[in-house]
Amino acid sequence: GSVSNFPLSGTLTASATAKSHVGTVAGVCHNSAISHVISNVKITSAGTTNASQRFAIGGIAGLICNDGTVASSITSCTMNGNATVDKGSNSGNGATGVIYGGIVAFSTGQGTNMHSLITSCINNGTMTMNTGRAAGIVGSCKQFTKMNGCTNNGAQTNSSAKNRLGQITCELASNCRMDNCINNGDIIATGTAASNDDIRVAGMVGAMAAGTIEGGQSNGRVITNGHEENCGLIFAYIANGTAVKNVAVKGLIGTYNGGNYSMKTVTAANFDTWNNSTIDSSNRKYSFLGSANSTKTSIVTGCTFVP
């Protein structure tokens, strides 16, 4: 089925006690298409009382998926509503946690020719979060997902101390792509992580477990409350077999410092396409920072600094 060409307004208040998917247009977009919808709905959630099952909240849809016979899609949709979401009793930062996405919270597909497609969508809503995963476009791209030409303009403030956060998506996983997407919104992670493994914060993708980023631009500030080594203007973590190509970078990285931000400006002089130095290294570079190491078979190429 499909729905298209209408506006929405009002307020959505949601909570959960079991695995749930919630959106202002649809809870689940399965073998379906949503297009040209403008949502002005304000979202508020106290989270879930279930500590181990996913609660996915989306500005347009909670979940997009397919059964391998028909590709599902969300096209040319805009989310203008602000969202305030708490995790409740679920502090997970993975696929079973509380997830928010400005367009869709959780995305998955069933085959190489049956991706879930998120195309030419825009999030303008401000995100005030206390969740392990939150992003302006897709909360989590689990598998067989393609994002193309999407833009996030919404700022995110997130107080969760354990997270995987990105302004386009929190995660790219198996057979996922992100092409020509732009982030203009700041992300400010105020939670104090117990260890550097608990935090991944980035202007575009929090954790690249797999997949490809090609084209697009990262413009917003990335600010964390410590563990700056695990934040980045494009990605915060990159794993084997991933690729990042031809992305333009214009932004700042900094620490929260009790609200008195201490910022590091990216310039042509300190721009680098790959870096593994520690936070206090005198030759620190501030473009792509993450916990991957030199043995990883990932590719970062053609990325440029924009003054």
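Procedures and definitions
- Residues numbered from 1 in each chain as written.
- Predicted model: local features only at pLDDT ≥ 70, side-chain atom pairs only at ≥ 80, totals over all residues.
- Heavy atoms only, no water.
- Helix = DSSP H or I, 4+ residues; strand = E, 2+ residues; numbered from the N terminus.
- Buried < 20%, exposed > 50% of the residue type's maximum accessible area, 1.4 Å probe, protein only.
- Areas by Shrake-Rupley, 256 points an atom, 1.4 Å probe, with all protein chains shown as cover.
- Pairing = 2+ DSSP bridges.
- Core = buried A, V, L, I, M, F, W, Y, C linked by side-chain atoms within 4.5 Å.
- Contact = heavy atoms within 4.5 Å.
- Phe/Tyr/Trp six-rings, centres within 6.5 Å; stacked < 30°, edge-to-face > 60°.
- Lys NZ or Arg CZ within 6 Å of the ring centre and 35° of its normal.
- Axes fitted to C-alpha atoms, helices over the stretch in contact; angles between N-to-C directions.
- Salt bridge = Lys/Arg side-chain N within 4 Å of Asp/Glu carboxyl O.

1. With respect to the overall build of the protein
Reasoning step 1: Within the protein, the secondary structure is distributed over zero helices and 37 strands.
Reasoning step 2: Looking at the protein as a whole, 55% of its 307 residues qualify as buried.
Reasoning step 3: Total accessible area on the protein is roughly 10900 Å²; 47% of this is exposed by carbon and sulfur atoms.

2. Considering the sheet that holds strand 25 (residues 201–202)
Reasoning step 1: Judged by pairing direction, the sheet is parallel, and its three strands sit side by side in the order 21-25-30 without closing on themselves. Two strands lie at the open edges of the sheet, namely strand 21 (165–166) and strand 30 (231–232), each paired on one side alone.
Reasoning step 2: Two strands pair when backbone bridges link them, and strand 21 and strand 25 are joined in this way by two bridges, in the parallel orientation. When the sheet's bridge partners are listed, leucine 165 is paired in strand 25 with valine 201.

3. Details of unusual backbone geometry
Reasoning step 1: We note that asparagine 180 has phi near 55°; this positive angle belongs to a residue other than glycine.
Reasoning step 2: Locating asparagine 180 in the fold gives a position in the loop between strand 22 (169–179) and strand 23 (182–183).
Reasoning step 3: The phi dihedral of asparagine 246 is positive, around 60°, even though this residue is not glycine.
Reasoning step 4: By secondary structure assignment, the location of asparagine 246 is in the loop between strand 32 (243–245) and strand 33 (248–249).
Reasoning step 5: With relative accessibility at 42%, the residue asparagine 246 sits in the partly exposed group.

4. Comments concerning the nonpolar core
Reasoning step 1: Ile74, Tyr100, Ile118, Met147 and Val244 are the most contacted members of the largest nonpolar core, which totals 61 residues.
Reasoning step 2: Each residue touching valine 244, except ones within four places of it in the same chain, is listed here: Met208, Ile213, Ile234, Phe235, Ile238, Ile299, Val300, Thr301 and Cys303.
Reasoning step 3: Leu63, Cys65, Ala105 and Phe106 belong to the second largest nonpolar core, which has six residues in total.

5. Some details on the packing of aromatic side chains
Working definition: an aromatic ring pair is given by the centre-to-centre distance plus the angle between the planes.
Reasoning step 1: Using the criterion set out here, one finds one aromatic pair in the structure.
Reasoning step 2: An angle of 40° between the planes, with centres 6.0 Å apart, marks the rings of tyrosine 256 and tyrosine 261 as tilted.
Reasoning step 3: With relative accessibility at 22%, the residue tyrosine 256 sits in the partly exposed group.
Reasoning step 4: On the basis of relative accessibility, which here comes to 32%, the residue tyrosine 261 falls in the partly exposed class.
Reasoning step 5: Sitting above the plane of the phenylalanine 106 ring, arginine 54 keeps its charged end 3.8 Å from the centroid.

6. A short note on the environment of methionine 127
Reasoning step 1: Tracing the chain through its elements places methionine 127 in strand 16 (residues 127–130).
Reasoning step 2: For the pair methionine 127 and alanine 83, spaced 44 residues apart in sequence, the C-alpha to C-alpha distance is 5.0 Å.
Reasoning step 3: Excluding residues within four positions of it along the chain, methionine 127 makes contact with Ala83, Tyr100, Ala135, Gly136, Asn152, Gly154, Ala155, Gln156, Thr157 and Gln167.

7. Here's the deal with the sheet that holds strand 3 (residues 20–23)
Within a beta sheet, neighbouring strands are joined by backbone hydrogen bonds and run either parallel or antiparallel to one another.
Reasoning step 1: Taken in spatial order, the four strands of this open sheet run 3-7-12-17, and their pairing is parallel. Looking at strand neighbours, the two that pair on one side only are strand 3 and strand 17 (133–135), the edges of this open sheet. The average angle at which neighbouring strand axes cross in this sheet is 10°, direction not considered.

8. Things to note about the pattern of salt bridges
Reasoning step 1: A complete count under the given rule lists five salt bridges for this structure.
Reasoning step 2: With its nearest N and O atoms 4.0 Å apart, the salt bridge here joins glutamate 171 to lysine 142. Here glutamate 171, found in strand 22, pairs with lysine 142, found in strand 18 (residues 138–148); they are 29 residues apart in sequence, far enough to count as distant.
Reasoning step 3: Overall, the relative accessible area of 8% leaves glutamate 171 in the buried class.
Reasoning step 4: What makes lysine 142 partly exposed here is its relative accessible area of 34%.
Reasoning step 5: Across the pair aspartate 186 and arginine 221 runs a salt bridge whose closest N-O atoms are separated by 2.9 Å. Remark: arginine 221 occurs in the loop between strand 28 (217–218) and strand 29 (222–224) and aspartate 186 occurs in the loop between strand 23 and strand 24 (187–189); sequence separation between them is 35 residues.
Reasoning step 6: Salt bridges sharing partners connect three or more residues here, namely Arg133, Lys142 and Glu171.

Interpretation in functional terms is not warranted from these geometric data alone.
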